[in-house]
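Here is how the chains run, residue by residue.
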Amino acid sequence: MSNTPVSSSVRAPLSRLEQRDAFIARHVGPNPAEAAQMLAAIGAPTLDALIDQTVPAAIRLPAPLPLGAAKPEHEALAELRAIAQKNVVKKSLIGMGYYGTHTPAVILRNVMENPGWYTAYTPYQAEISQGRLEALLNYQQMVIDLTGLELANASLLDEATAAAEAMTMARRVSKSKANAFFVDEACFPQTIDVVRTRATYFGFELVFGPAARAAEHEVFGALLQYPNERGEIADLGDAIAALKAKGAVTAVASDLMALVLLKSPAALGADIALGSAQRFGVPMGFGGPHAAFFATREANVRAMPGRIIGVSKDTRGKTALRMTLQTREQHIRREKANSNICTSQVLLANMAGFYAVYHGPDGLRTIAARIHRLAAILAEGLRRAGFPVPTAAFFDTLQVETGARTGAIAAACAAAGFNLRKVSDKVLGISVDETTTAADIATVLQCFGASADIAALDAVVAANGGAIPPALLRDDAILKHPVFNTHHTEHQMLRYLKKLQNRDLALDHSMISLGSCTMKLNATSEMIPVTWPEFANMHPFAPREQAAGCLEMIEGLADYLKAVTGFPAICMQPNSGAQGEYAGLVAIARYHASRGEAHRNVCLIPKSAHGTNPATAQMCGMEVVVVACDDKGNVEVADLRAKAALHADRLAALMITYPSTHGVFEEAIREICAIVHEHGGQVYMDGANLNAQVGLTSPAHIGADVSHMNLHKTFCIPHGGGGPGMGPIGLAAHLAPFMADHVVAATGGEDRPNKGQGAVSAAPFGSASILPISWMYIAMMGGEGLRQATQAAILNANYIAGRLGDHYPVLYTGSKGRVAHECILDVRPIKAATGISEVDIAKRLMDYGFHAPTMSFPVAGTIMVEPTESEDLGELDRFIDAMISIRNEIREIEAGRWAAEDNPLKNAPHTQADFLGEWTRSYTREQAVFPLAWVGENKFWPSVNRIDDVYGDRNLFCACVPVEDYAG
């Protein structure tokens, strides 16, 4: 504790009193005195000496990062606010999958802006995640009800990638031997763009045409849009039946708000339904993040992409929730996985689900009916004014034939504050949404020179029954579960949100030391700009001149990332780390093809790699060849050299994580890159561990050709309980022409090198509205602050490894005995001696108030700890004390004082029901729930006991459970 004398402060120079770099100390946990204490504990004379012992000298940067100095929080916010105000936010009537919406204030403040929700991790540790698991189950139930299908997942990244996933799922379940996939020509153009990219590397042929003629083709599946991009709604039942008769699987891309009124995709015969949940209370945000919904029939569950929340029970028989059928995931199945998806859009899915909870079925019907009524009034007014409206049956979108007056009418609407979609030189498109008012409709009609007597038009439309054919109106009840019919006052909703939040452990309670996940501080100043209306309310396809602020912010962040990675080009489109991997490998594949070497399709991947790597490689049509690792966890260079030579004619790439997933800086990394280049391949560096590189080395300096950056790890975007994330890629100059572009909204000027390349995400800049978080982080840290953060991350990891090494063997270290920013603790000897596993340790940590480190990755039977730079010495010591205390509990089992099956680890976690109920165990209640003195000061009570994973998978139930099942 420092207590600077007043005399020293008043004599200090102004430059020090300005505290322009004050944020660095807010972000980095250990202060100088703590750092000195930690260095002494691990036997390092200085922090620089520790870094020299850890990071190979051959790859160290020769100069500081070319970034400016740190900025105070208020100054960075003011600078970004000035940039944001360059946006011109008009009311959007563009549609195309992005719509204005009213985020209920109770959800905005208590979920979207609440660190209790946005700093949680993916709910792998279900016992301390019951709140968001229930929220996600609500979301799944909402999707099940609106699509009419039996099973929904917990969200995908966006509508276009969901459509691409539907295509590959159709191939997995279809009995057709065809290699072609039908795409409705009236799908959104950005969806077609992404599906086309995905199909190329799977080798699928795409067939386009009107939905009604889909079955005329020999296809394994089809994607139809309902309502389509023209706004039309049609009965797709006959087309779907004809496709089914030929063995094809049909996916219907739809709109949740439209489905409140329309016959469900299941009622039309669809096998899969998908779309965006954005308009259920999630801002447009210049393209994202938004939750994509995805539903199918229960028979297809094992072929379904993404995570699924299911119902199980705990050891007391109490209903409990968990992620079900996790063996489908790429972490386990690797190149055999359904997809490379390793995240979802949890925060946004929760918001959409809460929107349905808050409004309920009646509220949603009212909102949807109002949207449709205003659209029908607009159509009636335009027809009466002599404008042909070819969209006869519609929900919220119509097209208007405007002929030679198109430009003038669009300009008049823009001058009045509205953006319309210019479909062609003679046609305008208009989409009505929740934020549209009757006054807006009147103004738009006046811009067309039409009468704006809204009351008169309303009377006509009401008498005619609107523009939805009666046969396409849904006749089944939706959202019948009590959760959607209870929380309709703000007090009810507020308390429900708080009840769920209290069940979850997030960073606002304690450190989350998940290895390879980088759960660092998400500073409040970084989060504030996300909900500024200038960013939140911008349509991704708004005219570029109106989005000048968004584009300047994105370009500024890209320049920051160029400085950090050393690459001359950045692609901001991938909206997750897995998408970044895919975008990077696609760029490599395009590069080889441009040189007449499309046959290069072998991807070398170390055995230690994250499961997304082989899953991504197979999605790009590549053959995975695994490279061995030696006993020290390093890539076995001789094996790499042999396999690179063996496959030299077909070598496309090496995918490698650096530092390795084993938590060490491999000293041969430059040699590894050179071997791959020597044999004609490209080096893809997985950016999962970039947090150990920033300011000390860089992917380009090491020798990589392309690398993705997890902005939700290294650059402070929160994990949101399992999403959102962003995974932009940095590329060497020769790969820049092959990064993703966008068919609707260009990713740069006319001279952009990647012009015309296919997209990998629905929006040109992915989840653009969360990019200000990373912009703020880098601006407030500056180049020196980023270097200090990396050093602190390495110090914290080595401090944990040093203090815990006598209790749990540290599996891998570098040549000088140091770890990088994370360390792997070996639990296998403990399990062999006592039967206590890494799972038991993980569950016991909950009793101490901590989330477990990463379990059994990358080595089964181990735990991987990554403390990040943001944890101070006090928190690190609490975690270490907890781990040592648990090891001492294991010693009690080893000594025979506690039985192998009756001890605090096997019975963990302990709940209030345990503490208050009958006690027959061989250890005390206090040992169970207050194992160390400080635990009681901030006790976190798991809401359920250990959950039975096997029961949940064998008794699959993935919808809201009856309320009475929660009793007791």
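Remember, it's a predicted structure, so these values are computed and weren't measured experimentally.

Colleague: Even after reading the chapter, I still don't get the side chain of Thr661, so can you show me in this structure?
Modeller: With respect to the helices and strands, the residue Thr661 is situated in the loop between β18 (651-657) and α27 (669-678). Engagement of the side chain of Thr661 in a polar contact is seen with the backbone oxygen of Ser608, the distance being 2.5 Å. Not counting chain neighbours up to four residues away, the residues in contact with Thr661 comprise Ser608, Ala609, His610, Asn689, Glu822, Ile824, Phe857, Pro858 and Met864.

Colleague: How should the sheet that holds strand β19 (residues 682-686) be read in this particular structure?
Modeller: Within a sheet, adjacent strands bond to each other through the backbone by hydrogen bonds, running parallel or antiparallel. Read across the sheet, seven strands follow the order β15-β21-β20-β19-β18-β16-β17 without closing on themselves; strand pairing throughout is mixed. Across the chains shown, the open sheet's two edge strands, defined by having one partner strand only, are β15 (569-571) and β17 (623-627). Going from strand to strand, the sheet's axes swing by 25 degrees on average, the running direction of each strand aside. When β18 meets β19, the two strands line up parallel, connected through five bridges. Paired with Ala653 across the two strands is Gln682, which belongs to β19. Relative to β17, helix α26 (residues 637-646) is tilted by about 150 degrees, and along the sheet it contacts β16 (602-606), β17 and β18.

Colleague: Could you clarify how one ought to interpret the UniProt feature "domain: Glycine cleavage system P-protein N-terminal" (unreviewed entry) in the protein chain in this entry?
Modeller: Those places that UniProt annotates as "domain: Glycine cleavage system P-protein N-terminal" (unreviewed entry) correspond, in this numbering, to residues 26-448 and 479-736. Between the C-alpha atoms that bound residues 479-736 the distance is 48 Å, and the span itself is 34% helix and 12% strand.

Colleague: Teacher, can you tell me more about helix α20 (residues 490-501) here?
Modeller: Residue pairs three or four apart in sequence face the same way in an α-helix, which turns once every 3.6 residues. Taking 1.5 Å of rise per residue, 12 residues should cover 16 Å, and α20 covers 16 Å from first to last C-alpha, within 8% of that figure. Considered for burial, the residues of α20 that qualify are Met493, Tyr496, Leu497, Leu500 and Gln501. All buried residues of α20 project into a common sector of 135 degrees when viewed along the axis, lining one side. The inward-facing, buried residues of α20 contact α7 (105-112), α8 (115-118), α9 (130-147) and α16 (346-384).

Colleague: Could you clarify how one ought to interpret helix α17 (residues 406-415) in this entry?
Modeller: Looking at α17, one finds that the buried residues are Thr406, Ile409 and Cys413. One side of α17 carries all its buried residues, which in axial view fall inside an arc of 75 degrees. In α17, the exposed positions that point more than 90 degrees away from the buried face belong to Ala408 and Ala415. Contacts from the buried residues of α17 go to β12 (418-419), β13 (421-424), β14 (427-431) and α18 (438-447). Among the residues trailing α17, Gly417 stands out with phi positive, at a value near 105 degrees.

Colleague: Please clarify how the nonpolar core should be interpreted in this entry.
Modeller: Buried together is how nonpolar side chains tend to be arranged in soluble globular proteins. Met142, Phe280, Phe354, Leu382, Phe448 and Phe715 are the most contacted members of the largest nonpolar core, which has 175 residues in total. For this core, the leading source of residues is α16, giving 22 residues. Per-domain counts for this core show at least three residues from each of domain 1 (98-396 + 432-509 + 933-967) and domain 2 (566-768). Residues Val635, Phe665, Ile880 and Leu905 belong to the second largest nonpolar core, which totals 75 residues.

Colleague: What is the right way to read the UniProt feature "domain: Glycine dehydrogenase C-terminal" (unreviewed entry) in the protein chain from this model?
Modeller: The feature "domain: Glycine dehydrogenase C-terminal" (unreviewed entry), as given by UniProt, occupies residues 789-910 in the numbering adopted here. Along residues 789-910 the backbone is 45% helical and 8% strand, and the end-to-end C-alpha distance reaches 36 Å.

Colleague: I keep staring at empty space enclosed by the protein and nothing clicks. Help me out?
Modeller: Tallied over the full model, the rule gives nine cavities of 30 Å³ or more. Residue lining of the largest cavity: 25 residues in total, with Met96, Gly97, Tyr99, Phe188 and Asp255 positioned closest to the centre. Only β6 (249-255), β11 (397-401) and β14 provide two or more residues apiece to the lining of the largest cavity. Among the elements that take part in the lining of the largest cavity, β14 stands out by supplying three residues, more than any other. Counted by class, the lining of the largest cavity contains seven nonpolar, 12 polar and six charged residues.

Colleague: I keep staring at the sheet that holds strand β22 (residues 823-826) and nothing clicks. Help me out?
Modeller: Spatially, the three strands line up as an open sheet ordered β22-β24-β23, and their pairing is antiparallel. Taken across any chain shown, the strands that pair with only one partner, and hence form the sheet edges, are β22 and β23 (854-855). Note: β23 against strand β24 (residues 862-865), two bridges, orientation antiparallel. Note on β24: the bridge partner recorded for Met855 is Ile863.

Colleague: Honestly, the side chain of Asp705 in this entry has me stumped. Any pointers?
Modeller: Structurally, Asp705 can be placed in the loop between α28 (699-702) and β20 (706-708). For the buried Asp705, which has no salt bridge, the nearest side chain bearing the opposite charge is Arg595, at an N-O separation of 11 Å. A distance of 2.6 Å separates polar atoms of two side chains, one belonging to Asp705 and the other to His677. When neighbours within four sequence positions are excluded, Asp705 is seen to be in contact with Phe567, His677, Gln682, Val683, Gly730, Leu731, Ala732, His734 and Leu735.

Colleague: For this particular structure, what's the right way to read the domain arrangement of the protein chain?
Modeller: When its domains are assigned, the protein chain resolves into domain 1 (98-396 + 432-509 + 933-967) and domain 2 (566-768). Contact residues are listed per partner, giving 40 residues for domain 1 and 44 residues for domain 2. Taken together, the two surfaces of domain 1 and domain 2 that pack against each other cover about 3,300 Å², and 59% of this comes from carbon and sulfur. Along the contact surface separating domain 1 from domain 2 lie zero salt bridges. One can count 13 residue pairs in polar contact (both at pLDDT 80 or more) joining domain 1 with domain 2. Going through the elements one at a time, α8, α10 (159-173), α11 (189-202), α15 (330-333) and α16 are the ones with two or more residues in the side of domain 1 that touches domain 2. Looking at the side of domain 1 that touches domain 2 element by element, the count peaks at eight residues for α11. Among the residues making up the side of domain 1 that touches domain 2, the classes are represented as 20 nonpolar, 14 polar and six charged.

Colleague: Explain the packing of aromatic side chains here, please?
Modeller: We describe a pair of aromatic rings using the distance from one ring centre to the other and the angle between the two ring planes. This model, assessed by the stated rule, comprises 22 aromatic pairs. Ring centres of Phe915 and Trp941 lie 5.9 Å apart, and the angle between their planes is 50 degrees; on these two criteria the pair is classed as tilted. On the criterion of sequence distance, the pair formed by Phe915 in helix α33 (residues 912-916) and Trp941 in the loop between α34 (925-929) and α35 (949-954) is long-range, its members being 26 residues apart. In this structure an aromatic cluster arises from ring pairing among Phe181, Phe202, Phe204 and Phe220. Stacked on the ring of Tyr582, the Lys or Arg Arg198 has its end atom at 5.2 Å from the ring centre.

Colleague: Explanation requested: the pattern of salt bridges in the structure shown.
Modeller: When charged atoms on two side chains of opposite charge get close, those side chains can pair. Tallied over the entire structure, the rule returns 48 salt bridges. The partner of Arg365 in a salt bridge is Asp362, with the nearest N and O atoms 2.7 Å apart. Linking Arg365 with Asp362, this pair stays in helix α16, spanning three residues, or about one helical turn. As a salt-bridge pair, Glu784 and Arg787 come within 2.5 Å of each other at their nearest N and O atoms. Of the two residues, Glu784 and Arg787 both sit in helix α29 (residues 771-804), three residues apart, roughly one turn of that helix.

The rules behind the values
Residues numbered from 1 in each chain as written. Predicted model: local features only at pLDDT ≥ 70, side-chain atom pairs only at ≥ 80, totals over all residues. Heavy atoms only, no water. Helix = DSSP H or I, 4+ residues; strand = E, 2+ residues; numbered from the N terminus. Polar contact = N/O pair within 3.5 Å; in protein donor to acceptor, adjacent residues only side chain to side chain. Contact = heavy atoms within 4.5 Å. Pairing = 2+ DSSP bridges. Axes fitted to C-alpha atoms, helices over the stretch in contact; angles between N-to-C directions. UniProt positions renumbered as here; feature names shortened; annotations may be inferred. Expected span 1.5 Å × (residues − 1). Buried < 20%, exposed > 50% of the residue type's maximum accessible area, 1.4 Å probe, protein only. Arc of directions from axis to C-beta. Core = buried A, V, L, I, M, F, W, Y, C linked by side-chain atoms within 4.5 Å. Domains from an automatic or database assignment. 1 Å grid on protein atoms, 1.4 Å probe; cavity = no way out; pocket = protein on both sides within 12 Å on 5 of 7 lines; lining within 4 Å. Points joined across faces, edges and corners; volume = space filled by probe spheres on them. Nonpolar A, V, L, I, M, F, W, Y, C, P; charged D, E, K, R; others polar. Lys, Arg positive; Asp, Glu negative; His and termini not counted. Salt bridge = Lys/Arg side-chain N within 4 Å of Asp/Glu carboxyl O. Buried area = accessible area lost by both parts, 1.4 Å probe. Phe/Tyr/Trp six-rings, centres within 6.5 Å; stacked < 30°, edge-to-face > 60°. Lys NZ or Arg CZ within 6 Å of the ring centre and 35° of its normal.

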